[in-house]
Amino acid sequence: MSSNSGTKEIHFMGPLANVDTSILNINLDHGFEIHDISDEEAITLISALERLPFEEILNQLAGGNYLFQKRLYYIGNSFKSDIEMNDDGVLTEFPSGLAQFSNNLFLGYLAHVIQLMRLFKEGNIFMPVVYYYFVDDSIPKCIMGGRALMHGFPPDLYTIESSEISDLQIFLQNTKLPFKEPSLQLALGNFNLGYRFYNVNLSFLSLMISLEALFNLSNTELGYRISRSVAVLLGKDKEDSARIFADVKNLYNKRSKFVHTGNSNTIEIE
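Since we're looking at a predicted model, the values are computed, not measured. (Residues numbered from 1 in each chain as written. Predicted model: local features only at pLDDT ≥ 70, side-chain atom pairs only at ≥ 80, totals over all residues. Heavy atoms only, no water.)

Brief notes about the nonpolar core
- Judged by nonpolar contacts, the single largest core of 38 residues is most densely connected at F12, I23, I75 and L110.
- Those elements that place two or more of their residues in this core are strand 1 (6-15), strand 3 (71-83), helix 3 (96-120), strand 4 (127-136), helix 4 (165-174) and helix 5 (182-196).
- A total of 9 residues in this core trace back to one element, the largest contributor, which is helix 3.
- Once residues lying within four places of it in the same chain are set aside, the contact partners of I23 are L16, I34, Y73, M117, I125 and Y158. (Core = buried A, V, L, I, M, F, W, Y, C linked by side-chain atoms within 4.5 Å. Buried < 20%, exposed > 50% of the residue type's maximum accessible area, 1.4 Å probe, protein only. Helix = DSSP H or I, 4+ residues; strand = E, 2+ residues; numbered from the N terminus. Contact = heavy atoms within 4.5 Å.)

Here it is, written out as structure tokens:
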């Protein structure tokens, strides 16, 4: 058995993209906590986990300018698990403790939290990579890592105002995923797809499908019915509702033109 085998304290690290210092005010459950470290500390740690030179990690992660804003914000946790590795530091079998953590807490809780945070407030918060590692003689040794909740577009900063923190915490506590109502889950799925595409046209189409899933109550006059439903829900008064109706109708017309003709010259990133 390798010296790296046995019962270890496994550290989970999930860097967050497109966030600022306000993210530190959010409290999570199940032992997850949000931390921050300097970009130099972060690159040093990740280069050790990836077994790649500092400069290469800097080019990979900082090149997109969505991960480092002078500091790296990440979600951390830890748990114990038996691991078996060969002399080259490669797992000989998948640790059961890591599997339980990944399935029950990462996928079953944290992945949902990221979705709900994006649903609560505009901004493309996402987790581009995750790392599972242990520390041996002050040296971090990666057990497993890779891309996680990858979303590429748009690079909008996710920031939470102090007045919003309480409402966000209540929203995270009381909203459970997946939604039981199929139309809501379909809408959420397409909403998330809107962030995954690097193509503005496909992002726009996914968001319009999400809107249709929420507001299409009939198979006729779709543009009118969707626009009216959104205007009734969001309008503060008659004039505001009329403006929203016109805006959504215009968006639906862009969607129809794109779907039926392939012409996307009216779709803009805004």
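Quick notes on the environment of Y224
- When you line up the elements, Y224 lands in helix 7 (residues 222-234).
- The class for Y224 is partly exposed, based on a relative accessible area of 40%.
- Along the chain, Y224 and L211 lie 13 residues apart, while their C-alpha atoms are 13 Å from each other.
- Ignoring any residue separated from it by four or fewer positions in sequence, one finds Y224 in contact with F245 and K249.

Structural notes on the packing of helix 7 against helix 8 (residues 238-261)
- Axis separation between helix 7 and helix 8 bottoms out at 8 Å; the angle between their running directions is 145°. For the pair helix 7 and helix 8, the sense of crossing is right-handed. Across the interface between the two elements, L222, G223, Y224, I226, S227, R228, V230, A231 and L234 of helix 7 pack against D240, S241, I244, F245, V248, K249 and Y252 of helix 8.
- Partitioned by chemical class, the residues of the contact of helix 7 with helix 8 number 10 nonpolar, 3 polar and 3 charged. (Axes fitted to C-alpha atoms, helices over the stretch in contact; angles between N-to-C directions. Left-handed = near helix turned anticlockwise from the far one by under 90°. Nonpolar A, V, L, I, M, F, W, Y, C, P; charged D, E, K, R; others polar.)

Examining the confidence of the model for the chain
- When pLDDT is averaged along the chain, the result is 89, and 93% of the positions lie at 70 or above.
- Of all helices and strands in the chain, the one with the weakest mean pLDDT is helix 2 (residues 54-62) (70), whereas helix 4 scores best (97). (pLDDT = per-residue confidence, 0-100.)

Quick word on the pairing of strand 1
- Strand direction decides the pairing type here: strand 1 and strand 3, joined by 10 bridges, are antiparallel. Residue pairing across strands places G14 opposite I75, the latter belonging to strand 3. (Pairing = 2+ DSSP bridges.)

Some points on the pattern of salt bridges
- Taken as a whole and assessed by the stated rule, the structure comprises 6 salt bridges.
- With its nearest N and O atoms 2.7 Å apart, the salt bridge here joins D36 to R71. One end of the pair, D36, is in strand 2 (residues 33-38); the other, R71, is in strand 3, with 35 residues separating them in the sequence.
- We note a salt bridge from R255 to E212, for which the minimum N-O separation is 3.0 Å. A residue pair is termed long-range when its members are at least 10 positions apart, and R255 in helix 8 and E212 in helix 6 (residues 200-215) qualify at 43 residues.
- We classify E212 as buried; its relative accessible area is 13%.
- Salt bridges sharing partners connect three or more residues here, namely D240, R243 and D247. (Salt bridge = Lys/Arg side-chain N within 4 Å of Asp/Glu carboxyl O.)

Some thoughts on helix 3
- An ideal rise of 1.5 Å per residue puts 36 Å on 25 residues; helix 3 measures up with 34 Å between its terminal C-alpha atoms.
- Maximal helix bending in helix 3 amounts to about 40°, located at F106. (Expected span 1.5 Å × (residues − 1). Bend = angle between axes of the 7 residues up to and from the residue.)

Regarding the packing of helix 3 against helix 5
- Interhelical geometry of helix 3 versus helix 5 gives an angle of 85° and a closest axis separation of 11 Å. Accordingly, the angle class assigned to the pair helix 3 and helix 5 is roughly perpendicular. Judged by residue contacts, Q115, R118 and L119 of helix 3 engage L188, F191, N192 and Y195 from helix 5.
- Taken together, the residues of the contact of helix 3 with helix 5 break down into 4 nonpolar, 2 polar and 1 charged. (Parallel < 35°, antiparallel > 145°, perpendicular 65-115°, else oblique.)

Thoughts on unusual backbone geometry
- Between L177 and P178 the backbone carries a cis peptide bond, its omega angle lying at 0°.
- Turning to its location among the elements, P178 is positioned in the loop between helix 4 and helix 5.
- Positive phi outside glycine occurs at R51, with the angle close to 60°.
- Among the structural elements, R51 can be located in the loop between helix 1 (39-50) and helix 2.
- What makes R51 exposed here is its relative accessible area of 61%.
- Unusually for a residue other than glycine, S138 sits at a positive phi of about 70°.

A look at the side chain of S241
- By the element assignment, S241 lies in helix 8.
- A distance of 3.3 Å separates the side chain of S241 from the backbone oxygen of A231, its partner in a polar contact.
- The residues touching S241, leaving out its near neighbours within four places in the chain, are A231 and G235. (Polar contact = N/O pair within 3.5 Å; in protein donor to acceptor, adjacent residues only side chain to side chain.)

Some details on helix 6
- An ideal rise of 1.5 Å per residue puts 22 Å on 16 residues; helix 6 measures up with 23 Å between its terminal C-alpha atoms.
- Taken together, the buried positions of helix 6 are N201, S203, F204, L205, S206, M208, S210, L211, E212, A213 and F215.
- If you follow the buried residues of helix 6, they end up packed against helix 5, helix 7 and helix 8.
- The opening residue of helix 6, the one whose side-chain oxygen lies 2.8 Å from the backbone nitrogen of N201, is N199.

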